[in-house]
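Report on the structure
One letter stands for each residue in the lines below.
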Amino acid sequence: MTALALYGGPPIRTRPFQPWPQSDQTELGALAGVLASRRWGGIHSGSQGEAFERALGEYLDVPHVAVVANGTAGLMIALRALGIQAGDEVVVPAMTYVATATAVSMLGGVPVFADIDPDTHTIDPSSVKVAISEKTRAIIAVHLGGHPADMDRLGLIGADHGLPIVEDCAQSLGATWSGAHTGSLGRVGVFSFASTKNISAGEGGAVVTHDGELAARIASLRDHGRSLGVTGHHSELGWNLRLSEFQSAILRVQLERLDRQLTAKTKGAAFLTSALSSVPGLRPVPADPNPRVTRHGRFSLAFTLDPEAFGNISISSFRAALRAEGIPVVLRDLIACPDEPVYADAASQDHARSRTVSCARARAACKKLVLFGQAAGSGMLLEDPSEVADVVRAVEKIHDNMGQLREAERQRATTCVPSDS
Ligand SMILES: *Cc1c(COP(=O)(O)O)cnc(C)c1O
């Protein structure tokens with residue numbers, strides 16, 4: 001038995017997987033074109049921004065698209081355009097990137113945390129029902145990891161209570177639910193083009209909607225509250241959250257590549273899911289594909305680890321051992337959103353108000369989650385099965401050596417030396 005790479009043994013893999021984000025000469029040409037044009041900013045007619053908005057709208061089959069500085073700004077603009085004010089409650093999932101909730105807080109609103117469905121890790125519609133109060137003004141569905149939330153049930157709840165559904169599509173560009181794109185299903189959809197997302201310009205975002213009136217407010221809010229009429233005067237309080245022409249030009253190129261990459265990632269994820277199904281203790285998220293998820297966005301490929309099948313080692317040991325074997329995996333200790341200090345720690349400088357209906361399942365999921373793909377900053381899922389097979393070898397090696405990991409944990413627990421890392 002060879003030693004784990006964590007303890008000095010030879011790693012399963014030394015060659016890096018494909019990087020993320022990806023680019024080629026096309027981005028370089030697009031950037032040079034913008035540079036030479038001397039039109040580097042502004043979203044004027046004939047601009048890169050306008051062309052990208054049109055392309056994204058066609059791709060999603062949504063008539064109104066506004067590019068914005070980033071996904072968080074997009075959420076703030078969407079909520080403001082919907083009329084969210086200080087004290088208003090917005091239901092959000094207890095497991096998401098914190099920006100879903102902080103976007104609400106930045107407007108003075110109160111995020112109300114609903115629990116997740118333990119199978120898909122997206123917001124649980126039953127918990128949303130419990131979360132709704134007379135102060136609720138909107139519901140945010142997050143398509144976590146690229147897996148669409150249950151938009152059928154959320155749509156019914158929204159209609160029942162007269163509440164708009166905001167889709168946080170930061171991780172789900174390209175995903176479809178019953179054949180329709182995420183972002184086109186709710187009242188308004190928000191995308192992020194940060195470095196790890198499905199298309200990227202380092203930073204960037206977009207807000208999309210079918211509603212023309214809402215679209216006009218969104219376009220105004222990102223541009224100093226400028227009215228879209230002939231005067232161009234400023235009719236309301238707005239931000240400057242525009243996107244630069246360099247970013248829009250890159251995003252146009254990236255969008256062209258998206259479907260090809262999604263096809264490759266779908267193949268990589270299917271191979272890995274099936275190959276790891278023989279390893280006891282690792283379960284894919286979700287356990288069985290939902291037929292209404294007609295395409296997963298594949299921001300990540302998630303598994304839950306049953307520590308008992310791995311000799312009760314901790315999830316952090318498992319992740320660290322995997323990383324040492326040359327497999328990119330998220331190393332960070334994930335926590336549920338209500339447990340983020342900004343919401344949990346009353347002594348924190350910017351402690352924000354929130355309300356939690358339940359986060360027990362979100363907490364449990366965070367403690368078991370093993371995340372591959374862009375979430376780990378890697379283009380691994382784009383690779384051929386012959387390359388991705390190294391992940392299976394690494395997991396099997398850890399399984400064979402779990403005694404080593406357990407012993408190391410036992411020794412750490414009995415040593416009195418404090419350790420920071
Ligand atoms: C990335 C992300 C955001 C924020 O997008 P930025 O562009 O980083 O501001 C919001 N929600 C989720 C689920 C995300 O993954």
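Residues numbered from 1 in each chain as written. Predicted model: local features only at pLDDT ≥ 70, side-chain atom pairs only at ≥ 80, totals over all residues. Heavy atoms only, no water.

**Brief notes about the overall build of the protein**
When helices and strands are tallied, the protein shows 13 helices and 14 strands. For the protein, the C-alpha radius of gyration of 22 Å lies close to 22 Å, the compact-globule estimate for 421 residues. Taken over 421 residues, the protein has a buried fraction of 54%. Here the contacts in the protein between residues at least 6 apart in sequence split such that 71% fall between residues at least 24 apart. Roughly 18300 Å² of accessible area belongs to the protein as shown, and the carbon and sulfur atoms make up 52% of that amount. (Helix = DSSP H or I, 4+ residues; strand = E, 2+ residues; numbered from the N terminus. Rg over C-alpha atoms; globule rule 2.2 N^0.38 Å. Buried < 20%, exposed > 50% of the residue type's maximum accessible area, 1.4 Å probe, protein only. Contact = heavy atoms within 4.5 Å. Areas by Shrake-Rupley, 256 points an atom, 1.4 Å probe, with all protein chains shown as cover.)

**Concerning helix 12 (residues 385–400)**
Taking 1.5 Å as the rise per residue, helix 12 with 16 residues should run 22 Å; its terminal C-alpha atoms sit 22 Å apart, in good agreement. Packed against the buried residues of helix 12 are helix 8 (245–276), strand 10 (282–284), helix 9 (315–324), strand 14 (369–373) and helix 13 (402–414). (Expected span 1.5 Å × (residues − 1).)

**Points about the packing of helix 1 (residues 25–37) against helix 8**
Where helix 1 contacts helix 8, the axes come no closer than 9 Å and their chain directions differ by 150°. Relative to helix 8, the element helix 1 lies roughly antiparallel. Helix-helix and strand crossings are classified by hand; for helix 1 and helix 8 the assignment is right-handed. Here Thr26, Glu27, Ala30, Leu31, Val34 and Leu35 of helix 1 come into contact with helix 8, specifically with Glu245, Phe246, Ala249, Ile250, Val253, Gln254 and Arg257. Each residue belonging to the contact of helix 1 with helix 8 can be placed in one class, and the counts come to eight nonpolar, two polar and three charged. (Axes fitted to C-alpha atoms, helices over the stretch in contact; angles between N-to-C directions. Parallel < 35°, antiparallel > 145°, perpendicular 65-115°, else oblique. Left-handed = near helix turned anticlockwise from the far one by under 90°. Nonpolar A, V, L, I, M, F, W, Y, C, P; charged D, E, K, R; others polar.)

**As for the packing of aromatic side chains**
A full pass over the atoms with the stated rule returns five aromatic pairs. For the ring pair phenylalanine 52 and phenylalanine 193, a centre distance of 5.6 Å and an interplane angle of 80° mean the geometry is edge-to-face. One end of the pair, phenylalanine 52, is in helix 2 (residues 48–60); the other, phenylalanine 193, is in the loop between strand 8 (188–192) and strand 9 (205–209), with 141 residues separating them in the sequence. Using a relative accessible area of 0% as the deciding quantity, one classes phenylalanine 52 as buried. (Phe/Tyr/Trp six-rings, centres within 6.5 Å; stacked < 30°, edge-to-face > 60°.)

**Let's talk about the site of the ligand**
In the region of the ligand, 15 residues are neighbours, and Gly71, Thr72, Asp168, Ser192 and Lys197 sit closest. Contacts to the ligand include glutamine 171, whose side-chain N or O atom sits 2.8 Å from an oxygen atom. Contact with the protein chains hides 91% of the accessible area of the ligand, taken as 380 Å² for the molecule alone. Counting only elements with at least two residues in the shell around the ligand, the list comes to helix 3 (71–81) and helix 4 (99–106). Residues belonging to the shell around the ligand are distributed by class as follows: five nonpolar, eight polar and two charged. (Near = heavy atom within 4 Å. Polar contact = N/O pair within 3.5 Å; in protein donor to acceptor, adjacent residues only side chain to side chain.)

**What to know about the sheet that holds strand 11 (residues 293–295)**
Hydrogen bonding along the main chain pairs the strands of a sheet, whether they run parallel or antiparallel. The strand order across the open sheet formed by three strands is 7-6-11, and the pairing between neighbours is antiparallel. Taken across any chain shown, the strands that pair with only one partner, and hence form the sheet edges, are strand 7 (180–181) and strand 11. Looking at chain direction, strand 6 (residues 176–177) and strand 7 are connected through two bridges and run antiparallel. Within strand 7, the residue paired with tryptophan 177 across the bridge is alanine 180. (Pairing = 2+ DSSP bridges.)

**Concerning unusual backbone geometry**
Of note, the amide linkage connecting tryptophan 20 to proline 21 takes the cis form, showing an omega dihedral of 0°. Relative to the assigned elements, proline 21 resides in the segment before helix 1. Cis peptide bonds are those with omega within 30 degrees of zero, and the linkage from valine 285 to proline 286 qualifies with -5°. Within the secondary structure, proline 286 is located in the loop between strand 10 and strand 11. Its identity is not glycine, yet arginine 298 carries a phi of approximately 55°, on the positive side. Tracing the backbone through its elements, the reader meets arginine 298 in the loop between strand 11 and strand 12 (300–305). At asparagine 312, a position not held by glycine, the phi torsion is positive, near 60°. When you line up the elements, asparagine 312 lands in the loop between strand 12 and helix 9.

**Side note on the side chain of threonine 182**
Relative to the elements of secondary structure, threonine 182 occurs in the loop between strand 7 and strand 8. A polar contact of 2.9 Å, which involves the side chain of threonine 182, links it to the side chain of serine 172. In this structure threonine 182 touches Leu60, His143, Pro148, Glu167, Cys169, Ser172, Ala175, Thr176 and Phe191, once residues within four positions along its chain are discounted.

**Notes on the nonpolar core**
Among the nonpolar cores identified, the biggest contains 50 residues, and Leu79, Val90, Met95, Ile140, Val166, Val188 and Ile218 are the most heavily contacted of them. Per-element tally for this core: the top contributor is helix 3, with seven residues. Mapped onto the domain boundaries, this core takes at least three residues apiece from domain 1 (25–254) and domain 2 (258–413). Those residues within four positions of valine 90 in sequence are excluded, and the remaining contacts are Leu79, Ile84, Val104, Val110, Pro111, Val112, Ala138 and Ile140. Ranked by size, the runner-up nonpolar core spans 31 residues in total, among them Phe17, Leu276, Ile327 and Leu405. (Core = buried A, V, L, I, M, F, W, Y, C linked by side-chain atoms within 4.5 Å. Domains from an automatic or database assignment.)

**Describing the domain arrangement of the protein**
Under the domain assignment used here, the protein contains domain 1 (25–254) and domain 2 (258–413). Look at where the C-alpha atoms of domain 1 and domain 2 centre, and you get two points 26 Å apart. If you look at the interface, domain 1 gives 46 residues, while domain 2 gives 39 residues. Summed over both sides, the interface of domain 1 with domain 2 buries roughly 3400 Å², with 56% coming from carbon and sulfur. Of the charged contacts, one joins aspartate 124 and arginine 361 as a salt bridge, the two residues approaching to 2.7 Å between their closest N and O atoms. Where domain 1 meets domain 2, there are 33 residue pairs in polar contact (both at pLDDT 80 or more). (Buried area = accessible area lost by both parts, 1.4 Å probe. Salt bridge = Lys/Arg side-chain N within 4 Å of Asp/Glu carboxyl O.)

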